[in-house]
Amino acid sequence: MPVRRWKAPALALLACLLLAAPLRADAQTVLIRAGHLIDPAGERVLTDQQILVRDGEIIEVGREVQAEGVEEEVDLTGAWVMPGLIDAHVHLTANLEYRRADLHRMYVNESDALRALRGARNAELLLRGGFTTVKEIGNDGDYATADVIEAIRRGWVRGPTIVYAGKIIAPTGGQIGGVSPRNEGFWRYEYHDADTHDEIRKAIRRNIYHGATAIKLFAGDHPEPVDYYYTEDDIAFAVEEARRSNLSVTVHTSGGPAARNVIRGGAAAIEHGFDLDDALLREMADRGTFLVGTDFHFDNWYAYGMDSTAAQGMYRRVVDRLRRAHALGVPLAFGSDIIIDLPGMNRVESGLRILETWKDAGIPPMDALRALTDRAAALMHLESQRGRVAPGHRADLVALPKNPLDDLGHLREIYWVMKDGVVARDDVP
């Protein structure tokens, strides 16, 4: 990873505001006694299990383990234990007012320092809520999330493992419409204009230079009347360029020819995909293209300023698309995409509202848990490290008092979190 130079305002503000934050504890040898262990990857639930953790890694799992040199025991015999949750689509540093989705205002009024501070706060909330790994998907100003990642690495703040996409790469204009010629380029605060292969290559390399560990493109959803998007060859070129650095490419698109180019170009995932028809979904299933559906509940759509009729219509579309994607065998990874918190809820609680969408789409709870754990890890190429409670994997674990297979809503009740073998939350009764 390249050396990051901290922007002085962000460094000063983080140091002052978060001086009292606990430093990262050293990992040790811990024995966890789990009354119920949910293994989404194996689609099973085990009882009376012991999990031996040493130096942040799971060493052994079973009814009786060789527990030598144990320094601490954790009694979770009355709990349901499972892998830490994974969110494949977050915007840590962004937040808009309820029912006022005005990105322009955020660009003008908020500094990168403020956005980094918000990102640190949301990272802590996500970790405490059980999300031990996330993918930061863009819209973070001038690489503000890179500073959040560095602050977590230094132990100044606590947060999940962050896979980071850097700035979004798009044909001219990004997702921003209605900008006058006088103010052209306004969107480059969060986007790279890249219309040729050379520009795509340069944008990917600039993102990597600033700490990106994944690449995100934007294709096919420009505000009207623009109707240009990346070709299949463009997508394939980006995929190959990213592959040189062992990075994968994910693409924001809704459907139609733009989505077909994304699938055939070899991208790892489609973000959103609200208008994917059955033919495209079948092709995704055949090619192993993930869908990170960002499946907003009605409440989330309404929060963005839609009236009740429009929000309900959009919700029905999302439920239908999610149901069809699951039925056709498309690999699913959970993504929240929250940048507007619901009234009285924080970022985690607002994101978990999406699980109601999965319930209404008829997704079996175990499949939903897989999308929140091992399948999301596979999308991020972390399947050998995270997303499972298995020897050789990092000790990312959560515990809750009730079985989430009975009701996914119980995930809101997580009260114990371990990240890389260090307890990040301990509210066990």
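Refer to the structure presented above.
Quick look at the structure, then. As the structure is a computational prediction, the values presented were derived from the model and not from experiment.

### Observations concerning helix H7 (residues 256-264)
Moving on, step 1. Of the positions making up H7, those classed as buried are Ala 258, Ala 259, Asn 261, Val 262 and Ile 263.
Moving on, step 2. The inward-facing, buried residues of H7 contact helix H6 (232-243), strand E11 (249-253), strand E12 (269-272) and helix H8 (278-287).
Moving on, step 3. Remark: Gly 266 follows H7 within two positions and exhibits a positive phi of approximately 95°.

### A word on the sheet that holds strand E7 (residues 161-164)
Moving on, step 1. If you walk across this open sheet you meet the three strands as E5-E6-E7, and the pairing is parallel. Two strands lie at the open edges of the sheet, namely strand E5 (85-90) and E7, each paired on one side alone. Between one strand axis and the next, the sheet turns by 15° as a mean value, whatever way the strands run.

### Digging into the sheet that holds strand E14 (residues 397-400)
Whenever strands of a sheet pair, they do so through backbone hydrogen bonds, lying parallel or antiparallel.
Moving on, step 1. Pairing is mixed in the open sheet, where seven strands are placed in the order E3-E2-E1-E4-E14-E15-E16. Bordering the open sheet on either side are strand E3 (57-62) and strand E16 (422-426), each of which pairs with just one other strand. Along the sheet, successive strands turn relative to each other by an average axial angle of 30°, direction set aside.
Moving on, step 2. Looking at chain direction, strand E2 (residues 44-54) and E3 are connected through five bridges and run antiparallel. Pairing of Val 53 across the sheet is with Ile 58, part of E3.

### A short note on the environment of Arg 33
Moving on, step 1. Within the fold, Arg 33 resides in strand E1 (residues 30-39).
Moving on, step 2. Its relative accessible area of 30% is what places Arg 33 among the partly exposed residues.
Moving on, step 3. Separated by 166 residues in sequence, Arg 33 and Glu 199 have C-alpha atoms that sit 53 Å apart.
Moving on, step 4. Every residue in contact with Arg 33, bar those within four places of it in the chain, is listed here: Gln 49, Gln 50, Glu 73, Val 74, Asp 75, Leu 76 and Thr 77.
Moving on, step 5. At 3.2 Å, the side chain of Arg 33 forms a polar contact with the side chain of Glu 73.

### Brief notes about the packing of H7 against H8
Moving on, step 1. Where H7 meets H8, the closest approach of the two axes is 10 Å, and the angle between their N-to-C directions is 10°. Classified by the angle between their axes, H7 and H8 sit roughly parallel to one another. Of H8, the residues touching H7 (which contributes Gly 256, Ala 259, Arg 260, Ile 263 and Arg 264) are Leu 280, Glu 283, Met 284 and Arg 287.
Moving on, step 2. Here the residues of the contact of H7 with H8 sort into four nonpolar, one polar and four charged.

### A closer look at the pairing of E1
Each regular strand displays side chains that alternate between the two surfaces of the sheet.
Moving on, step 1. Of all 10 residues making up E1, eight are buried, and the element is well covered by its neighbours.
Moving on, step 2. By the bridge criterion, nine bridges tie E1 to E2 in an arrangement that is antiparallel. If you follow Ile 32 over to E2, its bridge partner there is Ile 51.
Moving on, step 3. The hairpin formed by E1 and E2 contains four residues between the paired strands, and Glu 43 there has a positive phi angle of roughly 50°.

### Let's talk about the environment of Val 163
Moving on, step 1. Note on placement: Val 163 falls in strand E7.
Moving on, step 2. Of the residues examined, Val 163 reaches a relative accessible area of 9% and is grouped as buried.
Moving on, step 3. For the pair Val 163 and Ala 88, spaced 75 residues apart in the sequence, the C-alpha separation amounts to 8.7 Å.
Moving on, step 4. Look past the residues within four positions of Val 163 in its chain and what remains in contact with it is Val 134, Lys 135, Glu 136, Thr 213, Ala 214, Met 380 and Leu 382.

Scoring rules and cut-offs
Residues numbered from 1 in each chain as written. Predicted model: local features only at pLDDT ≥ 70, side-chain atom pairs only at ≥ 80, totals over all residues. Heavy atoms only, no water. Buried < 20%, exposed > 50% of the residue type's maximum accessible area, 1.4 Å probe, protein only. Helix = DSSP H or I, 4+ residues; strand = E, 2+ residues; numbered from the N terminus. Contact = heavy atoms within 4.5 Å. Pairing = 2+ DSSP bridges. Axes fitted to C-alpha atoms, helices over the stretch in contact; angles between N-to-C directions. Polar contact = N/O pair within 3.5 Å; in protein donor to acceptor, adjacent residues only side chain to side chain. Parallel < 35°, antiparallel > 145°, perpendicular 65-115°, else oblique. Nonpolar A, V, L, I, M, F, W, Y, C, P; charged D, E, K, R; others polar.

Function cannot be inferred from these measures alone, as they are strictly geometric.
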